[in-house]
Amino acid sequence: MEKVIIVRYCEIHLKGKNRGYFERVFMNNMEKALSGIRHEIHRPSGRYLVEKFDEARAEEIVERLRRVFGTHTLSVGYKVPAAMGAIWEAVLRVAPQAGTFKVQSNRADKHFPLHSMELNAQIGGRLLSERPALRVDVHAPQSTVNIDIREDGEALVFCDLIKGAGGMPVGTSGKGILLLSGGIDSPVAGHMIAKRGMKLVGLHFHSYPYTNMQAREKVEDLARILARYTGGMDLYVVRVTHIQEAIHKHCPEEMMVTLLRRFMMRIAERQAESCGAQCIITGESLGQVASQTIEGMTSSNAVVRRLPVLRPLVGFDKTEIVARAREIGTFETSILPYEDCCTVFLPKHPLIRPDLVKVERAEAALDVDALLEEAIASTELVTNG
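Residues numbered from 1 in each chain as written. Predicted model: local features only at pLDDT ≥ 70, side-chain atom pairs only at ≥ 80, totals over all residues. Heavy atoms only, no water.

An unreviewed UniProt entry annotates the protein chain as Probable tRNA sulfurtransferase originating from Candidatus Borkfalkia faecigallinarum. Its UniProt record, at the heading Sequence similarities (unreviewed entry), says of the protein chain: "Belongs to the ThiI family." Under the UniProt heading Subcellular location (unreviewed entry), the note attached to the protein chain is "Cytoplasm". (UniProt positions renumbered as here; feature names shortened; annotations may be inferred.)

Chemist: How do you make sense of the environment of cysteine 279 when you look at a structure like this?
Modeler: One can find cysteine 279 in the loop between helix H8 (256–275) and strand E13 (280–281). In this structure cysteine 279 comes out as buried when scored by relative accessible area, which is 3%. Separated by 156 residues in sequence, cysteine 279 and isoleucine 123 have C-alpha atoms that sit 54 Å apart. With residues near it in sequence (within four places) discarded, cysteine 279 still touches Lys175, Gly176, Ile177, Met198, Leu307, Pro308 and Leu310. (Helix = DSSP H or I, 4+ residues; strand = E, 2+ residues; numbered from the N terminus. Buried < 20%, exposed > 50% of the residue type's maximum accessible area, 1.4 Å probe, protein only. Contact = heavy atoms within 4.5 Å.)

Chemist: Any chance you could explain unusual backbone geometry here in plain terms?
Modeler: Trans is the common state for peptide bonds, and a negative phi is the common state for residues other than glycine. In this structure, the amide linkage connecting tyrosine 208 to the following residue, proline 209, adopts the cis form with an omega of 10 degrees. Inspection of the secondary structure assignment puts proline 209 in the loop between strand E11 (199–206) and helix H6 (213–230). Phi is positive for lysine 52, close to 60 degrees, though the residue is something other than glycine. Taking the relative accessible area as the measure of exposure, lysine 52 reaches 42% and is therefore partly exposed.

Chemist: Help me understand the pattern of salt bridges, please; the structure alone is not making it clear to me.
Modeler: Once their charged atoms are close, side chains differing in charge can pair, the charge on each being opposite to the other. By the definition in use, this model includes 26 salt bridges. Residue arginine 67 pairs with glutamate 63 through a salt bridge whose shortest N-O separation is 3.5 Å. Classification of arginine 67 as buried rests on a relative accessible area of 17%. In the salt-bridge network here, residues are joined through shared partners; they are Glu2, Glu51, Lys79 and Glu154. (Salt bridge = Lys/Arg side-chain N within 4 Å of Asp/Glu carboxyl O.)

Chemist: For this particular structure, what's the right way to read the UniProt feature "binding site: ATP" (unreviewed entry) in the protein chain?
Modeler: With numbering aligned to this structure, UniProt lists the feature "binding site: ATP" (unreviewed entry) at Leu179, Leu180, His204, Phe205, Arg261, Gly283 and Gln292. If you trace the backbone, histidine 204 turns up in strand E11. With relative accessibility at 4%, the residue histidine 204 sits in the buried group. Sequence-distant contacts of histidine 204, defined by excluding residues within four places in its chain, comprise Leu180, Ser181, Arg216, Val219, Leu235, Tyr236, Val237 and Val238. Engagement of the side chain of histidine 204 in a polar contact is seen with the backbone oxygen of leucine 180, the distance being 2.9 Å. The topology assignment puts phenylalanine 205 in strand E11. The class for phenylalanine 205 is buried, based on a relative accessible area of 5%. (Polar contact = N/O pair within 3.5 Å; in protein donor to acceptor, adjacent residues only side chain to side chain.)

So, in structure tokens, the structure goes:
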């Protein structure tokens, strides 16, 4: 009897002739997630089996795999010969001691002597005799004992279904650059896009010495958390202090945030093109702060020449975003009290609905190309995984 972990995928079964490609990427992502742990992964029909691992690390393996996008559910169970004696021994290991249950079997091997209903009845009856605190409930059981008779003469026996991350395997939907601040929103935006199969690269702007190194370290920690879901994530860190100083000196105070966002988008597009990213991702939510009006978004979009800008949180309210941040494990890091670059030279009354013509006129007082080149020259790379 061998303990195994059964992994089931989400939308991959819908991919028709391309299904093999998605399955291979999913397999590679699982292998990467389990780096450093002895194991083997095999792919029987419609699922994956993790085998040959140290049973003491089963929970760790499940925790790593449940974060791999594309994972629908997982189960810890046993692989045994497809014989009643071996199946019964495995059932005793996975079945609950008390509460309601039902037995559910799948007989892929039609040579197995019992039909599914007969197998359910026999195993269920023996469990009721063996464990008096159990009772049957076929409609809403607290536990379901699953028996999967395979064509290769083996059976899988398991109980609980553990929910996975869902979505599509990372790397099957291209690559995007995420504007990663130290706040709550942008990590959630990155997680949502990665869930649709996109590989992420992070881009963070800092304003040292106006912001301290703890603010940067917080963002690096957020990138590491996201990397657990994405199979690694490079983070580019760019200094924009000189840009903010120039805007503060030469432009109207109320345009500080608007103009800074335009520089960020220019830098993001340049960095995206240099690392092969195909879009820009931001954590903006419509109307959440002064710079996130439709006019503000139009102003920042206007400087992006070639790439789409994705805003997965645009229709979310703060409560929804916070709930997702808690779920993915970024919230506690995001609320650490270290300020990011957007708080530097923050005007008392930032422009809420910038007029694009006036913004461009104000920006004409700056040497945009020189400021951009200095910022890009300051780029540092932090690699996570």
